[in-house]
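These are the residues of each chain, in order.
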Amino acid sequence: MSEQRSAAGVRVIGREADRAARLMHRAREARLAGERSSVAPRAEINASWDRVVRSGIDPEQSPSSELLQVEEIEHRRHSTVLGEVMPLLRAGLASIADAAQQIMVVTDVEGRVLWRQGNSGVLHRAHDICLEEGAAWAEEATGTNAIGTALAARAPIQVHSAEHFIRALHNWTCAAAPVRDPRDGRLVGIVDISGPASTFHPATLALVDSVARLAEGEIRTRHLVAIERLRAVAAPILCRLGGRALAVDTHGWLAAVTGMPPVDRLPLPKSLRAGRVWLPSLGMCRVEPLPGGWLVQVSDSTAEGSPRRVVLDLSRPRALAVHLVGPLGTSTQRLSPRHAELLYALAVRREGRTASELAQDIFGDATRTVTVRAEVSRLRRHLAEVLAHRPYRFGEGVEVEVVRPEHPADLLPHSKAPVVTGARRGAAQA
């Protein structure tokens with residue numbers, strides 16, 4: 001009896017999924033024709049269709065893409081923390097996917113497929129839609145799909161049949177969830193299960209999301225173990241040192257500190273080497289290698305090696321950055337949109353701004369000083385050598401350059417800060 005109830009349950013799910021697919025097909029056709037439909041897609045799918053339509057993707061195009069070279073795939077596999085948790089992902093999803101006639105797919109933060117595993121027949125069929133290692137599955141490449149839409153929405157999602165924007169994917173179903181680095185919340189990739197539309201099951205999304213959360217827990221556990229090992233090595237060394245010093249792992253996460261307040265993470269340059277190094281948040285330092293990290297001793301001379309030039313690069317909305325140029329070279333700090341707005345306001349108001357003036361510049365509300373002070377405080381953790389306060393400003397003798405996008409309308413295009421919108425209007429009228 002239980003098997004009969006189970007089989008009947010699968011048939012009911014299948015009929016409901018088929019009916020939903022037909023309704024979504026009608027809604028999609030109406031959207032493409034610019035007509036109104038009595039059936040509306042889910043809010044997440046509707047938002048994705050809007051993004052994809054704006055991007056100009058052809059709904060009849062092939063889902064093919066230019067694949068990454070094998071060397072680049074291997075480089076990305078070794079550069080992401082996802083590689084460390086692949087055994088857990090395989091144990092949690094790959095065998096289930098195989099039995100369910102589906103495949104597990106793991107991508108990086110750009111939506112590039114780095115790993116695939118599962119049912120051999122489905123792996124073969126996946127070649128027809130370019131769901132293979134090195135392929136691009138972000139929305140801007142392949143339209144609405146679980147991988148790309150989970151990346152865009154930063155949330156788990158299931159995309160079934162005609163919910164896919166590209167018609168060639170209508171015979172597929174997929175469920176995907178983002179994986180974040182629990183240390184800082186940064187997105188590191190996507191875990192997905194995909195298969196023929198006939199394999200749809202509403203519980204698949206919950207399964208994928210649960211395994212993604214397990215992967216995040218594994219990342220956290222591995223990090224804590226590594227930090228404890230580094231602390232055991234560094235603690236005796238720090239006890240013998242005078243002055244300010246820190247022990248951090250290779251990504252800058254703190255293991256031990258002496259002579260100064262602790263920080264969660266020390267921003268490190270990408271190509272850190274032993275020797276004398278200027279760090280934006282600390283100034284001149286001496287850096288020595290430790291097993292699994294670095295020993296950083298802070299120089300008492302704060303003026304030595306200080307940056308003389310700041311380049312605020314706003315030319316690419318998705319790669320906002322500030323470059324600090326000093327006698328010992330250049331260091332780069334990626335920026336959030338809010339921090340880019342603040343630095344832009346200070347760059348165009350070199351005389352300095354009070355907290356209320358900055359609040360007016362950013363929010364159009366001079367009373368939001370608490371938020372401004374908190375955000376500038378976060379900025380100064382990384383840029384203390386170039387940012388002064390009372391009033392907030394770039395330091396004396398620091399040259400500031402703003403690299404703007406080619407078109408004025410692309411200056412922080414999503415920003416509603418008055419200091420930014422005013423600059424866009426002024427450039428358009430010029």
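Let us look at the structure shown here. As a convention, each chain's residues are numbered from 1 in the sequence order in which they are written. Totals for whole chains, interfaces and linings use every residue, but because this is a predicted model, local features are given only for residues with pLDDT of at least 70 and side-chain atom pairs only at 80 or more, for both listing and counting. The basis for every side-chain value is the complete set of heavy atoms in the structure, and neither hydrogens nor water enter the calculation.

As a further point, take the pattern of salt bridges. Where side chains of opposite charge bring their charged atoms close, a pairing between them can arise. We define a salt bridge as a side-chain nitrogen of Lys or Arg found within 4 Å of a carboxyl oxygen belonging to Asp or Glu. Considering all chains together, one arrives at 23 salt bridges under this definition. Between Asp 361 and Arg 353 there is a salt bridge; the shortest N-O distance is 2.9 Å. With a 1.4 Å probe rolled over the protein chains alone, any residue whose accessible area is under 20% of its type maximum counts as buried; one over 50% counts as exposed, and the rest are partly exposed. On the accessibility criterion, Asp 361 (6% relative accessible area) is buried. Overall, Arg 353 belongs to the buried group, its relative accessible area being 13%. With its nearest N and O atoms 3.2 Å apart, the salt bridge here joins Glu 375 to Arg 378. With Glu 375 and Arg 378 both in helix α11 (residues 369-383) and 3 residues apart, this pair spans about one turn of that helix. Each member of the salt-bridge network shares a partner with another, and the members are Asp 181, Arg 183, Asp 184, Arg 186 and Arg 265. Secondary structure follows DSSP: runs of H or I at least 4 residues long count as helices, runs of E at least 2 residues long count as strands, and numbering of each begins at the N terminus.

The pairing criterion is simple: DSSP has to find at least two bridges between the two strands. Reading across the sheet, the 5 strands line up as β2-β1-β5-β4-β3 and stay open at both edges, with antiparallel pairing between neighbours. Each having just a single partner strand, β2 (113-118) and β3 (157-160) make up the two edges of the open sheet. Geometrically, the sheet is characterised by an average inter-axis angle of 20° between neighbouring strands, direction not taken into account. The pairing of strand β4 (residues 172-180) with strand β5 (residues 187-196) spans 9 bridges and is antiparallel. Paired with Ala 177 across the bridge in β5 is Val 191. What makes two residues a contact is simply this: any of their non-hydrogen atoms within 4.5 Å. Axes, fitted as lines to C-alpha atoms, cover a helix only where it is in contact. Angles between the N-to-C directions of the axes lie from 0 to 180 degrees. Those strands touched by helix α7 (residues 146-153) are β1 (103-107), β3, β4 and β5, and its axis lies near 150° from that of β5.

So, about the nonpolar core. In this description, a nonpolar core means a group of buried Ala, Val, Leu, Ile, Met, Phe, Trp, Tyr and Cys residues linked to one another through side-chain atoms lying within 4.5 Å. Within the largest apolar cluster, 36 residues are counted, with the highest numbers of intra-cluster contacts made by Leu 312, Leu 314 and Leu 343. Contributing elements (two or more residues each) for this core: β11 (309-313), β12 (321-326), α9 (337-348), α10 (355-363), α11, β16 (399-403) and α12 (418-429). With 7 residues, the single largest contributor to this core is α9. Filtering out sequence-adjacent residues up to four positions away, Leu 314 remains in contact with Leu 320, Ala 340, Tyr 344, Val 402, Val 403, Pro 405, Leu 411 and Leu 412. Counting 30 residues, the second-largest nonpolar core is a separate cluster that includes Ala 27, Ile 103, Leu 131 and Trp 172.

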